[in-house]
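Coordinates in review
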Amino acid sequence: LAALGTHERSAGAGARARMGLAGLVSLAAASALLTVEPDAAIPGMVLVIAALLCLLPLALAATLALTGRLARLFVSPVPHVARMELSAGHTRAMAIAATGAMAVFGSVAIQGARHDLLAGLRTAARETSAAAQVWVAPTGSYNLLMTAPFAPREQARLRRVPGVRTIGLYRGGLLDYGQRRVLVIAPPLTASGLLPAGQLSGAGALQAEGRVRGGGWLVMSRSLAEEHRLRVGQAVTLPTPDPTPMRIAALSTNIGWEPGSIVMSSPSYAHAWGGTDASAYAIQLAPGVTPSDGARELRQALAASGQTALSVQTAEERSASQEALDDRALASLTQIATLIPIFAVLAMAAAIGAMVWQRRPRLAKLKLEGIARAQLWRTILLESLLLLGAGCATGTLFGLYAQRLADRALAHTINFPIANSLNLPSALASLGLVIATALAILALPGYLATGVPAGVALQE
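Residues numbered from 1 in each chain as written. Predicted model: local features only at pLDDT ≥ 70, side-chain atom pairs only at ≥ 80, totals over all residues. Heavy atoms only, no water.

Right, let's talk about the confidence of the model for the protein for a bit. In low-pLDDT regions, the fine details of the predicted coordinates are not to be read closely. Within the protein, residue pLDDT values average 85, and 97% of them lie at 70 or more. Predicted confidence for residues 1-8 stays below pLDDT 50, and this span has 0 contacts to residues more than four positions away or in other chains. (pLDDT = per-residue confidence, 0-100. Contact = heavy atoms within 4.5 Å.)

Written as structure tokens, this is what we have:
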């Protein structure tokens, strides 16, 4: 028996080594694939999942080995029995650990990518809103992006409002460019920051802003430029009502508009569109005047003139409106990331519960050998904890890695603004929640299973 056990352990170690090597190869292949071709997000994720499943036996074996070493420090038979029982049912244990690993992997990857995408979109909203301290634009939720044109007849009246230092005409709209409906942003020259500097790729943000302010230059989304084979410094003629050749000063993210965006100065927009209509008044306040006070004065001035078609927002309020829209747009990702661990917890609890219930004759035999019911119950809980811990911890690590790959795919393929981060608190929360919930569900079935009479072991 000793020789047979040694042979089986040697064969098992060899198989785990081969699977571990295959897992490392899959992980390296996924990294290389997404580095060379960011569009290959789905094949890359498949390779990451394959690596997770190949490396999971090593994680479980390491957990059992560590448990065996720590068990020597305790007089209680609980850790010894738990380790032996898991080693005896290795295939079933692997299936349960893989279920937990996949659940946490999906939850961590989706939640992490959503967190980084939402943070990037919020940064873009704040940067575009910061072009003015107060915004006055046509009323209506349809005009959240400020693309509805109007004749700027109230400019002189608003300039006389106490606290207003400068008032510029913001222009913006949607432009059909190739197969895309592109968002065009054109802040006035009075804007404190004409370009959203955090959205520009590469260096030279100050030089790009100077060129755009001077006219005849624009900033284009990188994905849009790549589609039309354009580069920085190259001339481009947009299909505007009055086609005007302009040069590309820099490349940027899509600033939250998936088809792509273009940023130019307000005078350049007026020239290219051949009109004087505005999309919003971009107002800078005098020193010492807070945005809330300035917005209140502007609302009173518009109400006194009977103007109800225009609404007033501070830069912070406008940014909050855009952030709320982003939250609603990404709500489905949150729901998916929440449902994955819920179903996985139920699946793991059912699988472990069935495994424990089928082992009642074995539990009865352990009772005959003198192990008390309370010790058997703690053994079942420890087995479950080891399975869930090994599987879910491995899934968490791979989920964090998959988050980085998803961020790269979103940034390079769709060109969204991404705030790269290691969302460790959320990942640890998902890990702890899955383990704690599964153990809580298993506690009662495990206790009932340990109530099997010891005489059941004598029936065979």
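Turning next to the packing of helix H11 (residues 331-358) against helix H14 (residues 424-449). For any two helices packed against each other, the geometry is given by the interaxial angle and the distance between the axes. Taken N-terminus to C-terminus, the directions of H11 and H14 make an angle of 25 degrees; their axes are 9 Å apart at the nearest point. One element, H11, and the other, H14, form an angle in the roughly parallel class. Seen from above, H11 lies across H14 with right-handed handedness. Two secondary-structure elements touch here, H11 through Pro341, Val345, Leu346, Met348, Ala349, Ile352, Gly353, Val356 and Trp357 and H14 through Val434, Thr437, Ala438, Ile441, Leu442, Gly446, Leu448 and Ala449. Taken together, the residues of the contact of H11 with H14 sort by class into 14 nonpolar, 3 polar and no charged. (Axes fitted to C-alpha atoms, helices over the stretch in contact; angles between N-to-C directions. Helix = DSSP H or I, 4+ residues; strand = E, 2+ residues; numbered from the N terminus. Parallel < 35°, antiparallel > 145°, perpendicular 65-115°, else oblique. Left-handed = near helix turned anticlockwise from the far one by under 90°. Nonpolar A, V, L, I, M, F, W, Y, C, P; charged D, E, K, R; others polar.)

What follows deals with helix H3 (residues 78-88). When we look at burial in H3, the residues that qualify are Val78, Pro79, Val81, Ala82, Glu85 and Leu86. Projection of H3 onto a plane perpendicular to its axis shows the buried side chains occupying an angular sector of 165 degrees, all on one side. Facing away from the buried surface of H3 by more than 90 degrees, the exposed residues are Met84 and Ala88. Buried residues along H3 sit against helix H2 (41-71), helix H4 (90-129), helix H12 (360-368) and helix H13 (373-414). (Buried < 20%, exposed > 50% of the residue type's maximum accessible area, 1.4 Å probe, protein only. Arc of directions from axis to C-beta.)

Glancing now at unusual backbone geometry. With a phi angle near 55 degrees, Ile255 is a residue other than glycine that sits in the positive phi range. Structurally, Ile255 can be placed in the loop between strand S7 (245-252) and strand S8 (261-263). The class for Ile255 is buried, based on a relative accessible area of 11%.

The next point concerns the packing of aromatic side chains. Taken as a whole and judged by the stated rule, the model has 4 aromatic pairs. Aromatic pair Trp135 and Tyr170: ring centres 5.2 Å apart, planes at 90 degrees, arrangement edge-to-face. Placement of Trp135 in strand S1 (residues 134-138) and of Tyr170 in strand S2 (residues 164-177) is noted, with a sequence separation of 35 residues between them. Pairing Tyr269 with Trp273 gives two aromatic rings, centres 3.9 Å apart and planes at 5 degrees, and the pair type is stacked. One end of the pair is Tyr269 and the other is Trp273, both in helix H8 (residues 266-273) and 4 residues apart, which spans about a single turn. Each member of the pair Tyr269 and Trp273 is classed as buried. The ring of Trp217 carries Arg211 above its face, with NZ or CZ at 4.4 Å from the centroid. The ring centre of Trp135 lies 4.5 Å from the NZ or CZ of Arg318, which sits over that ring. (Phe/Tyr/Trp six-rings, centres within 6.5 Å; stacked < 30°, edge-to-face > 60°. Lys NZ or Arg CZ within 6 Å of the ring centre and 35° of its normal.)

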